[in-house]
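# Notes for the structure review
Chain residues, written in single-letter form:
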Amino acid sequence: RHIKDGLEKIAAAEVVDSTKQQARQILQKISKVKFYVTDWEVSGPYVRKDKNYAALFDIPFAPEIDGGKNAKWRKMPVGTDPAQPWYLDLLKALDGGDQRVAYLRTKLDWPTDQKVTLKIGSDDGVKLWVNGKLVHANNVARPFTLDQDTATANFKKGENTILMKVTQNNLPWGASLRIEHEQ
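The structure presented is a predicted model; accordingly, all values stated were derived computationally and were not measured.

With that out of the way, let us pick up the nonpolar core. With 28 residues, the main nonpolar core has Leu-104, Leu-118 and Met-164 as its most contacted residues. Every element with two or more residues in this core is listed here: helix H4 (90–93), strand E5 (100–110), strand E6 (114–123), strand E7 (126–130), strand E9 (149–155), strand E10 (158–168) and strand E11 (174–182). Here this core takes four residues from E5, the largest share from any one element. Among residues more than four places away in sequence, those in contact with Leu-118 are Leu-128, Val-130, Val-135, Asp-149, Thr-150, Ala-151, Ala-153, Phe-155, Leu-177, Arg-178 and Ile-179. Core analysis: the next-biggest nonpolar cluster, separate from the first, contains 10 residues, Tyr-46, Ala-71, Trp-73 and Leu-163 among them.

See the structure below:
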């Protein structure tokens, strides 16, 4: 915030036009804020006999029922790879396994009512709810890459709850969430 205030003063000050232009360009670049959500709780894994990841995608487990009040939640470890601190490694956090699902939950305090863009990466399928409303669903088996899916949601001023369901076929299992918004 302090940098932005300083740049706004430069852009308005009696300085050389090239300096004003540089300040305006930097302000334009930082006006689109992007950040990864890294503070999560995790619940799971959840399995159902004779059901694979694709079938589990549509089966509601405790975190989806009654606001998750009967689910057992624990702190999700922050990304341990310094090159990818935003990666939520469910395989490591939940001691492996195939043909299962896990849920991630977080609460964000938002400064104003605002439409946001959510960039989701997942291995494998993913469902995403914001304040109890399903905003994205993709039942797929795939490797993780950043920003594979995009969704939009309306955040309200104050507390917003995000719930993410991630299916596991086999091998790696994880997710990431990035929020974009105009300031």
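Picking up after the structure, the text goes on.
Let us look at the sheet that holds strand E8 (residues 133–138). The strand order across the open sheet built from six strands is E3-E2-E5-E10-E7-E8, with neighbouring strands paired in antiparallel fashion. Both edges of this open sheet fall to strand E3 (74–75) and E8, since each of them pairs with a single strand only. Alignment of E5 against E10, held across 11 bridges, turns out to be antiparallel. Counterpart to Arg-105 in the pairing with E10 is Leu-163.

By volume, the largest pocket is sized at about 230 Å³. For the lining of the largest pocket, the secondary-structure elements that each account for two or more residues are E5 and E10. Grouping the amino acids of the lining of the largest pocket by side-chain chemistry returns four nonpolar, five polar and three charged.

All told, the structure shown has seven aromatic pairs when counted by the stated rule. Here the aromatic cluster, defined as three or more aromatic residues joined through ring pairs, consists of Tyr-36, Trp-86, Tyr-87 and Phe-144. The side chain of Lys-127 reaches across the aromatic face of Phe-57, ending 4.9 Å from its centre.

Right, let's talk about the environment of Gly-158 for a bit. In this structure, Gly-158 sits in strand E10. Taking the C-alpha atoms as reference points, Gly-158 and Asp-113, separated by 45 residues in sequence, lie 8.4 Å from one another.

Here we come to the pairing of E9. Side chains Asp-149, Ala-151, Ala-153 and Phe-155 of E9 all project onto a buried face; the interleaved residues Thr-150, Thr-152 and Asn-154 project onto a face where none is buried. Pairing analysis gives seven bridges linking E6 to E9, with the strands arranged antiparallel. If you follow Val-116 over to E9, its bridge partner there is Ala-153.

Right, let's get into the environment of Ile-179. On the secondary structure map, Ile-179 appears in strand E11. When its relative accessible area of 0% is taken as the criterion, Ile-179 is described as buried. Sequence spacing of Ile-179 and Thr-117 is 62 residues, and the spatial spacing of their C-alpha atoms is 5.9 Å.

This paragraph deals with the pattern of salt bridges. Inspection of the entire model under this criterion finds seven salt bridges. For Asp-39, the salt bridge goes to Lys-75, with nearest N and O atoms at 2.0 Å. Of the two residues, Asp-39 sits in the loop between strand E1 (32–36) and strand E2 (41–46) while Lys-75 sits in strand E3, which places them 36 residues apart along the sequence. The class for Asp-39 is partly exposed, based on a relative accessible area of 46%. Between Asp-58 and Lys-127 there is a salt bridge; the shortest N-O distance is 3.5 Å. Placement of the pair is Asp-58 in the loop between helix H3 (53–56) and E3 and Lys-127 in strand E7, with a sequence separation of 69 residues. By relative accessible area, which is 55% here, Asp-58 ends up exposed. If you follow the salt bridges from partner to partner, you end up with Asp-147, Arg-178 and Glu-180 in one network.

Criteria and cut-off values
- Residues numbered from 1 in each chain as written.
- Predicted model: local features only at pLDDT ≥ 70, side-chain atom pairs only at ≥ 80, totals over all residues.
- Heavy atoms only, no water.
- Core = buried A, V, L, I, M, F, W, Y, C linked by side-chain atoms within 4.5 Å.
- Buried < 20%, exposed > 50% of the residue type's maximum accessible area, 1.4 Å probe, protein only.
- Helix = DSSP H or I, 4+ residues; strand = E, 2+ residues; numbered from the N terminus.
- Contact = heavy atoms within 4.5 Å.
- Pairing = 2+ DSSP bridges.
- 1 Å grid on protein atoms, 1.4 Å probe; cavity = no way out; pocket = protein on both sides within 12 Å on 5 of 7 lines; lining within 4 Å.
- Points joined across faces, edges and corners; volume = space filled by probe spheres on them.
- Nonpolar A, V, L, I, M, F, W, Y, C, P; charged D, E, K, R; others polar.
- Phe/Tyr/Trp six-rings, centres within 6.5 Å; stacked < 30°, edge-to-face > 60°.
- Lys NZ or Arg CZ within 6 Å of the ring centre and 35° of its normal.
- Salt bridge = Lys/Arg side-chain N within 4 Å of Asp/Glu carboxyl O.

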